[in-house]
Amino acid sequence: MQQDKKVYVRLRHRLQVKMDQTVRVSHICQLIVHPSIEQEVKQLTVHKVTPEDKHLVVIDIMRVIRILKSYDPELEIETLGPAQAIIEIMHPRKQPTFLLVGFVWLLLFIGSGLAIMNFHEDVSMLQVHQKIYMMITGVQEEHPLILQVPYSLGIGVGMILFFNHVFKKRLNEEPSPLEVEMFLYQQSLDQYVVINENKEAQKKVE
């Protein structure tokens, strides 16, 4: 086998494309290939996005191998990494109105406020503050603001540290727990899409 016939292929896990875009080998794969055929191999068409594709398309490594073999049957192909790649089709989105953003913000603000208040009521936080104040000062105080105000500010600071963001600015390079959970959710979703696509393809064959 000639050295220029050796091709190493690694599918990308996920790819975002626009409607009517032509997905080529260079878009969906990482390649190691001889320079003499590199440009031609990278320009091979894998998929043409159409409205029938809706939102997600799963590309299997076998499909890429067939395309490469149709270009040159003598290619020696070595595959690495995942066996499927997910193409996410980005449809144009309408800009949200100020009224809608304000309504969602108000709904989240009230909901989170009620959740915090109900939690504090369940654990009797006021009585805890009163007892701590009594233990420190020896004075019974119905509203120990010297404890309640710093505690309230601490909740806000704690939420900033938890989400690791101040508006659009990231505090450090480490992902927040929410980002980790979103990543795990996306992995599970991608796995479901791949498995479901394989089942649908098997039904069509049968």
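Scope of this entry: the structure provided in the associated data block. Starting afresh in each chain, residues are numbered from 1 along the sequence in its written order. With pLDDT at 70 or above as the cut-off, local features in this predicted model cover only qualifying residues; side-chain atom pairs require 80 or more to be listed or tallied, and sums for whole chains, interfaces and linings still use all residues. Hydrogen atoms and water are omitted, and side-chain values are computed over all heavy atoms in the structure.

### Some words on the packing of aromatic side chains
Inference 1: Two rings from Phe, Tyr or Trp (for Trp, the six-membered ring) form a pair when their centres are within 6.5 Å of each other. A pair whose planes differ by under 30 degrees is stacked, one over 60 is edge-to-face, and the rest are tilted. Scanning the entire structure with this criterion turns up 1 aromatic pair.
Inference 2: Where Trp105 meets Phe109, the ring centres are 5.3 Å apart and the plane angle is 10°; that geometry is what we call stacked. With Trp105 and Phe109 both in helix H4 (residues 98-122) and 4 residues apart, this pair spans about one turn of that helix. Comparing Trp105 with Phe109 shows no difference in burial state: the two are exposed. A helix here means a DSSP run of H or I that spans at least four residues, while a strand means a run of E at least two residues long, and both kinds are numbered starting from the N terminus. Buried, partly exposed and exposed residues are distinguished by accessible area as a fraction of the type maximum, computed with a 1.4 Å probe on protein chains only: under 20%, between the cut-offs, and over 50%, respectively.

### Topic: the environment of Leu11
Inference 1: Within the secondary structure, Leu11 is located in strand S1 (residues 6-11).
Inference 2: With 17 residues separating them in the primary sequence, Leu11 and Ile28 have C-alpha atoms 6.0 Å apart.
Inference 3: Residue contacts follow a heavy-atom distance rule, with two residues in contact if any of their heavy atoms lie within 4.5 Å. Contact partners of Leu11, with chain neighbours within four places excluded, come to Ile28, Cys29, Ile59, Asp60, Ile61, Val64, Leu80, Pro82, Ala83, Gln84 and Ala85.

### Some thoughts on the packing of helix H5 (residues 125-137) against helix H6 (residues 145-163)
Between two packed helices, both the angle of their axes relative to each other and the distance between the axes serve to describe the pair.
Inference 1: Between the N-to-C directions of two axes lies an angle of 0 to 180 degrees, each axis being a line fitted to C-alpha atoms and, for a helix, fitted only over the stretch in contact. Between H5 and H6, the least distance of the axes is 9 Å, while the angle of their chain directions is 125°. Taken together, the axes of H5 and H6 lie oblique to each other. The handedness of the crossing between H5 and H6 is right-handed. Two secondary-structure elements touch here, H5 through Met125, Leu126, His129, Ile132 and Tyr133 and H6 through Ile146, Leu147, Gln148 and Tyr151.
Inference 2: Note on residue categories: nonpolar means Ala, Val, Leu, Ile, Met, Phe, Trp, Tyr, Cys or Pro, charged means Asp, Glu, Lys or Arg, and polar means any other residue, Gly included. Residue composition of the contact of H5 with H6, grouped by class: 7 nonpolar, 2 polar and no charged. Oblique is the label for any angle not covered by the other classes, which are roughly parallel (under 35 degrees), roughly antiparallel (over 145) and roughly perpendicular (65 to 115). Note on convention: near helix rotated counterclockwise from far helix by under a right angle means a left-handed crossing. Clockwise means right-handed.

### What about the layout of surface pockets?
Inference 1: Points on a 1 Å grid, built from protein atoms alone, make a cavity when a 1.4 Å probe fits but cannot get out and make a pocket when they are open with protein on both sides within 12 Å along at least 5 of 7 lines; residues with an atom within 4 Å of a point are the lining residues. Grid points are joined across faces, edges and corners, and a volume is the space filled by probe spheres set on the points. As a volume, the second largest pocket reaches approximately 250 Å³.
Inference 2: Together, Trp105, Leu108, Phe109, Ser112, Gly113, Ile116 and Met159 line the second largest pocket.
Inference 3: No other element matches H4, which puts 6 residues into the lining of the second largest pocket.
Inference 4: Tallied by class, residues from the lining of the second largest pocket come to 5 nonpolar, 2 polar and no charged.

### Overview of the pairing of strand S8 (residues 84-90)
Within a regular beta strand, the side chains point alternately toward one face of the sheet and then the other, so they alternate between its two faces.
Inference 1: Buried residues dominate S8, accounting for 6 of its 7 residues.
Inference 2: For two strands to be treated as a pair, DSSP must find at least two bridges joining them. Direction of pairing for strand S2 (residues 14-18) relative to S8: parallel, over a ladder of 5 bridges. Residue pairing for S8: Leu15 is matched across the bridge by Ile87.
Inference 3: Relative to S8, strand S6 (residues 56-60) runs antiparallel, the two sharing 5 bridges. Paired with Val58 across the two strands is Ile86, which belongs to S8.

### Examining the pattern of salt bridges
Inference 1: The rule for a salt bridge is simple: a side-chain nitrogen of Lys or Arg has to be within 4 Å of a carboxyl oxygen of Asp or Glu. Enumeration according to the criterion identifies 6 salt bridges in this entry.
Inference 2: For the salt bridge of Asp72 with Lys5, the shortest nitrogen-to-oxygen distance reads 2.5 Å. Within this pair, whereas Asp72 is found in the loop between helix H3 (61-71) and strand S7 (76-80), its partner Lys5 is found in the segment before S1, the two being separated by 67 residues in sequence.
Inference 3: Using a relative accessible area of 13% as the deciding quantity, one classes Asp72 as buried.
Inference 4: Members of the salt-bridge network, linked through shared partners, are Lys6, Glu76 and Glu78.

### Let's talk about the sheet that holds S7
Inference 1: Pairing within the open sheet is mixed, and its 3 strands lie in the order S4-S1-S7. Strand pairing shows two members of the sheet lacking a second neighbour, strand S4 (29-33) and S7, which therefore form its edges. Neighbouring strand axes in the sheet, compared pairwise and without regard to direction, differ in orientation by 20° on average.
Inference 2: Here S1 pairs with S4 via 5 bridges, running antiparallel. Bridged to Leu11 within S4 is Cys29.
Inference 3: The strands touched by H3 within the sheet are S1, S4 and S7, with S1 carrying the most contacts at an inclination of about 150°.

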